[in-house]
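Here is how the chains run, residue by residue.
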Amino acid sequence: MSNQQINITLPDGSVREYEKGVSGLQIALSISEGLARNVLAAKVNGEVWDSSRPIHQDSKVQLLTWNDTEGKNTFWHSSAHLMAEALEALYPGTKFGIGPPIENGFYYDVDFGDKSLDGSELEKIEAKMLELAKLKSDFIRKEVSKKEAVAYFTEKNDPYKLDLLEGLEDGSITFYEQGNFTDLCRGPHIPNTGFIKSVKLLNIAGAYWRGDEKNKMLTRLYGITFPKAKELQDYLFMLEEAKKRDHRKLGRELELFTFSEKVGMGLPLWLPKGTLLRERLVNFMKKAQDKSGYQQVVTPHIGHKALYETSGHYEKYGKDSFQPIHTPNEGEEFLLKPMNCPHHCEIYKHKPRSYKDLPIRYAEFGTVYRYEQSGELHGLTRVRGFTQDDAHIFCRPDQVKEEFIKVIDLVLYVFKALGFEDYTAQISLRDPEKREKYIGTDEAWEKAESAIVEAAAEKGLQTVTELGEAAFYGPKLDFMVKDALGRKWQLGTIQVDYNLPERFQLEYIGSDNQKHRPVMIHRAPFGSLERFVAVLIEHCAGNFPLWLSPEQITILPISEKFIEYAEEVKGILEDEDIIGMIDNRDEKIGRKIRDAEVKKIPFMLIVGEKEQQEGKISVRRHGEGDLGSLSPAEFVSYFKKIIGESLKN
RNA sequence: GCCGACGUAGCUCAGGGGUAGAGUACUUCCUUGGUAAGGAAGGGGUCACGGGUUCAAUUCCCGUCGUUGGCUCCA
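Residues numbered from 1 in each chain as written. Chains lettered and ligands numbered in written order. Predicted model: local features only at pLDDT ≥ 70, side-chain atom pairs only at ≥ 80, totals over all residues. Heavy atoms only, no water.

Regarding the side chain of Gln495
Secondary-structure assignment places Gln495 in strand E27 (residues 488-497). Reaching out from Gln495, the side chain makes a polar contact with the side chain of Thr493 at a distance of 3.4 Å. The contact partners of Gln495, leaving out residues within four places of it in the chain, are Tyr473, Pro475, Lys476, Met520, Ile521 and His522. (Helix = DSSP H or I, 4+ residues; strand = E, 2+ residues; numbered from the N terminus. Polar contact = N/O pair within 3.5 Å; in protein donor to acceptor, adjacent residues only side chain to side chain. Contact = heavy atoms within 4.5 Å.)

Looking at the protein's contact with RNA strand B
Surrounding RNA strand B, one finds 46 residues, the nearest of these being Tyr208, Met339, Ser374, Asp586 and Arg591. For RNA strand B, a base nitrogen lies 2.7 Å from a polar atom in the side chain of Arg594. Here a base oxygen of RNA strand B sits 3.3 Å away from a polar atom, N or O, in the side chain of Ser618. Within the residue set of the surface near RNA strand B, elements represented by two or more residues are strand E14 (198-208), strand E15 (217-226), helix H8 (247-253), helix H11 (313-317), helix H18 (589-598), helix H19 (609-614) and strand E34 (617-621). (Near = heavy atom within 4 Å.)

A look at the packing of aromatic side chains
The geometry of two aromatic rings is summed up by the distance between their centres and the angle between their planes. Under the counting rule described, the total for this entry stands at 31 aromatic pairs. Ring geometry for Phe257 versus Phe259: centroids 6.2 Å apart, planes at 80°, classification edge-to-face. The exposure class of Phe257 is buried, given its relative accessible area of 5%. Accessibility expressed as a relative area gives 33% for Phe259, which makes it partly exposed. With a centroid separation of 5.4 Å and 35° between ring planes, the pair formed by Phe284 and Tyr413 is classed as tilted. Residue Phe284 is located in helix H9 (residues 272-291), and its partner Tyr413 is located in helix H13 (residues 400-417); the two are separated by 129 residues in the primary sequence. Judged by relative accessible area, which is 14%, Tyr413 ranks as buried. Here the guanidinium or amino end of Arg53 rests over the ring plane of Trp49, the centre of that ring lying 4.0 Å away. (Phe/Tyr/Trp six-rings, centres within 6.5 Å; stacked < 30°, edge-to-face > 60°. Buried < 20%, exposed > 50% of the residue type's maximum accessible area, 1.4 Å probe, protein only. Lys NZ or Arg CZ within 6 Å of the ring centre and 35° of its normal.)

Considering the nonpolar core
With 84 residues, the main nonpolar core has Leu418, Leu477 and Phe479 as its most contacted residues. Counting residues per element, this core draws most heavily on H13, which supplies 12 residues. Discounting chain neighbours no more than four positions away, the residues touching Leu418 are Leu281, Phe526, Phe532, Leu536, His539, Trp547 and Leu548. Formed by 36 residues, the second largest nonpolar core is a distinct cluster that contains Ala84, Leu122, Leu232 and Tyr235. (Core = buried A, V, L, I, M, F, W, Y, C linked by side-chain atoms within 4.5 Å.)

Here's the deal with the environment of Ile537
The topology assignment puts Ile537 in helix H16 (residues 529-540). Spatially, the C-alpha atom of Ile537 lies 47 Å from that of Gly510, the residues being 27 residues apart in sequence. In this structure, Ile537 is in contact with Arg245, His247, Leu250, Leu256, Phe257, Gly542 and Phe544, ignoring residues within four places of it in sequence.

Considering the sheet that holds strand E7 (residues 59-64)
If you trace the 5 strands from one edge of the open sheet to the other, you get E2-E1-E7-E4-E5, paired in mixed fashion. Two strands bound the open sheet, and with one partner strand each, they are strand E2 (15-19) and strand E5 (47-50). In this sheet, adjacent strand axes meet at a mean angle of 40° when their direction is disregarded. Along the sheet, helix H1 (residues 24-31) makes contact with strand E1 (5-9), E2, strand E4 (41-44) and E7, crossing E7 at roughly 75°. (Pairing = 2+ DSSP bridges. Axes fitted to C-alpha atoms, helices over the stretch in contact; angles between N-to-C directions.)

Regarding the pattern of salt bridges
For the coordinates displayed, the defined rule picks out 42 salt bridges. Of the charged contacts, one joins Glu376 and Arg382 as a salt bridge, the two residues approaching to 3.5 Å between their closest N and O atoms. Glu376 gets classed as partly exposed once you look at its relative accessible area, which sits at 41%. Take Arg382: its relative accessible area is 29%, and that puts it in the partly exposed class. (Salt bridge = Lys/Arg side-chain N within 4 Å of Asp/Glu carboxyl O.)

With respect to H13
An α-helical segment advances 3.6 residues per turn. Residues three or four places apart therefore align on the same side. The end-to-end C-alpha distance of H13 is 26 Å, a good match for the 26 Å that 18 residues give at a rise of 1.5 Å each. By the criterion of burial, H13 is predominantly enclosed, with 13 of the 18 residues buried. Among the residues trailing H13, Gly419 stands out with phi positive, at a value near 80°. (Expected span 1.5 Å × (residues − 1).)

Some thoughts on the confidence of the model for chain A
Of the residues in chain A, 98% reach a pLDDT of 70 or more, and the chain-wide mean stands at 91. Two summary scores accompany this predicted model of the complex, namely pTM at 0.90 and ipTM at 0.94. (pLDDT = per-residue confidence, 0-100.)

Some remarks on the packing of H13 against helix H20 (residues 632-647)
When two helices pack together, their arrangement is given by the angle between the helix axes and the distance between those axes. Where H13 contacts H20, the axes come no closer than 8 Å and their chain directions differ by 145°. Listed contacts from H20 to Tyr413, Lys416 and Ala417 of H13 are Glu645, Ser646 and Leu647. Tallied by class, the residues present in the contact of H13 with H20 amount to 3 nonpolar, 1 polar and 2 charged. (Nonpolar A, V, L, I, M, F, W, Y, C, P; charged D, E, K, R; others polar.)

Structural notes on unusual backbone geometry
Geometrically, the link from Leu358 to Pro359 is a cis peptide bond, its omega value of 0° lying close to zero. For Pro359, the position within the fold is in the loop between helix H12 (341-348) and strand E22 (360-369).

Considering the sheet that holds strand E23 (residues 385-395)
What links the strands of a sheet is backbone hydrogen bonding, and the strands pair in either a parallel or an antiparallel sense. An order of E18-E22-E23-E30-E27-E26-E24-E25 is seen for the 8 strands of this open sheet, with the pairing classed as mixed. Of all the strands in the sheet, the pair left with one neighbour each is strand E18 (295-296) and strand E25 (463-467). Sheet topology note: the strand E24 (residues 422-429)/strand E26 (residues 476-482) ladder contains 7 bridges and is antiparallel. If you follow Gln426 over to E26, its bridge partner there is Asp478. Lying on the sheet, H13 is in contact with E22, E23, E24, E26, E27 and strand E30 (519-524); it crosses E26 at an angle near 15°.

Observations concerning the side chain of Thr327
Structurally, the position occupied by Thr327 is in the loop between strand E20 (325-326) and strand E21 (333-336). Among the residues examined, Thr327 registers a relative accessible area of 18% and is labelled buried. One polar contact links the side chain of Thr327 to the main-chain amide nitrogen of Gly331, over a distance of 3.2 Å. Each residue touching Thr327, except ones within four places of it in the same chain, is listed here: Glu332 and Phe334.

What about the pairing of E34?
Burial of E34 is extensive: 4 of the 5 residues sit out of reach of the surface. When strand E33 (residues 603-607) meets E34, the two strands line up antiparallel, connected through 4 bridges. From the neighbouring strand, Ile606 faces E34, where its bridge partner is Ser618. Sheet analysis places E34 next to strand E35 (residues 625-630), joined by 5 bridges and oriented antiparallel. Paired with Ile617 across the bridge in E35 is Leu630. The hairpin turn running from E34 into E35, its antiparallel successor, is 3 residues long, and Gly623 in that turn takes a positive phi close to 80°.

Structural notes on the environment of Tyr222
Checked against the element boundaries, Tyr222 lands in strand E15. Given a relative accessible area of 23%, Tyr222 falls into the partly exposed group. Separated by 22 residues in the primary sequence, Tyr222 and Lys200 place their C-alpha atoms 8.8 Å from one another.

Structure (structure tokens):
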């Protein structure tokens, strides 16, 4: 028995023979020492294990390192334990909630009793963590009975762990121990604390035990760790960079938008430059939509309460919305529109439709108002009044796939023109176990779901499919973009809807002369202009693509003697729709250049005696410097060429 | 909505129980300059708002509003 061999299949498909009881780490060692040094955990038949845990059967094994998400998660989870160990050492009696890894790092919810922690103590904890990490304590897995586990945490007087234990079954309970710290934990963990080379505790926040505000508020400590000091530096640099790009900061500095307490929280005021940017985006989208067969419509900002009773929104969201507006005499109730689709349904209904009319695509830059919870408001990304680049496609069931493909094309065109190169699509399907949760027939769902999957595949989208993430009214496809700093944002969305056509009794006459129900597709490539502008600002750090830039050029006369010539140049450029101002302040050219650079104006056009005599302008590009001199006509064509490149389909 | 932190000039921030200060921006004057900050003078604040404590509050306490970090929610 002792010499029994097992077959281990590695991710590349190769099969190797090992002695029964071999661990992930031993497998790594057999491949290379370098790999062994970097192995954080092992994925055994789809389950992440400690790299030291013996494998007893033929298995598929993937060795996880820092380059794997699961490897990182294991690393950060172990880091949470290390932080807990440090906290217990520094503040004896601390009680522990949960300490999971998150997208960037980890947190631990802890109860310090009466003590409150202030920010200055974070460094002390970091230092303790590094000190403990140097001990290279092994993470030791122990299987314990529920009784033992309860006894341990009763003794330790930790109510949270006891609460967690209540939900666990005897026989599946494990402890992990490193150094002097023992935690209830499913694992897995990295081999020892020595892997953790750098630590940064990022912030402290309150969080209710189990996320329930009836429970006690615990202190949540967020941190991040890395296997190399350099990576921490890079991460901190990225955080700094993100701070510099914060759209709230740039929005103020570049005079794009503002907020006013008097107007109300979450209600953005667009300044002239921001409005110009917005209008460019709108015109860009209108043009693209015109080409794709959309028709623009306009609907009012309010709608009768009955409209939302029909749509079902009143029942579902009415209580949490802005309250209805009452007419003084008739006592009728109107709601600020939270969505455009009910209005669009009524447009569809204004006359009988034939199958030959479909698809009908109604587009509207519709401003909607939603009562978002006050704590959730954030710059332009989460507001109470915003404009969607909304459209609703009414089509026959057999047209869903084709319409999806068309919308995907549109979204990809938009992404390309705006410089979002890294994106994925999430397909949200229904939970096949809980079909009763969803409206619409099985047949319709199956058809729509496969239409989405096929459309995404045909367009070669990189997709993730989530079961159970569909809305109750239909499946959807959401686009997630990664910005220049690698942060993920959800932008465009395409959703199939079976609910509203039903509720509004939408119909068309089919070729069989019978009434049929159309399918509705909601779609918004930007999502909302507000949110999109916010993401765009952070993505390009305020250096907008030339075609969008609210101030494309600035003309800088060397001295006031050349203002007249500057005016002349400005006139020529304005005729070509190139927008900008003359900096006619009584300042030196160096100063004017600096100010224009700070304002991120793409082109500075310098005019002095030389330029005036030659009928030229000296062109300086933001962030690049002097490009030499051109005639205004040459500049116009150069300028238009740049714009043409980014907008070509 | 809940918990914590914060709120001083347009912006970034210092200060602190005796009614405020810097840098920058702004205005005026000098300077007429060649690719990232020329010089001088000046104006500007109910220290978020409302109460309380105090001889005296911008400062301490409470409340409100707003911002912010989280939690929860998101058609």
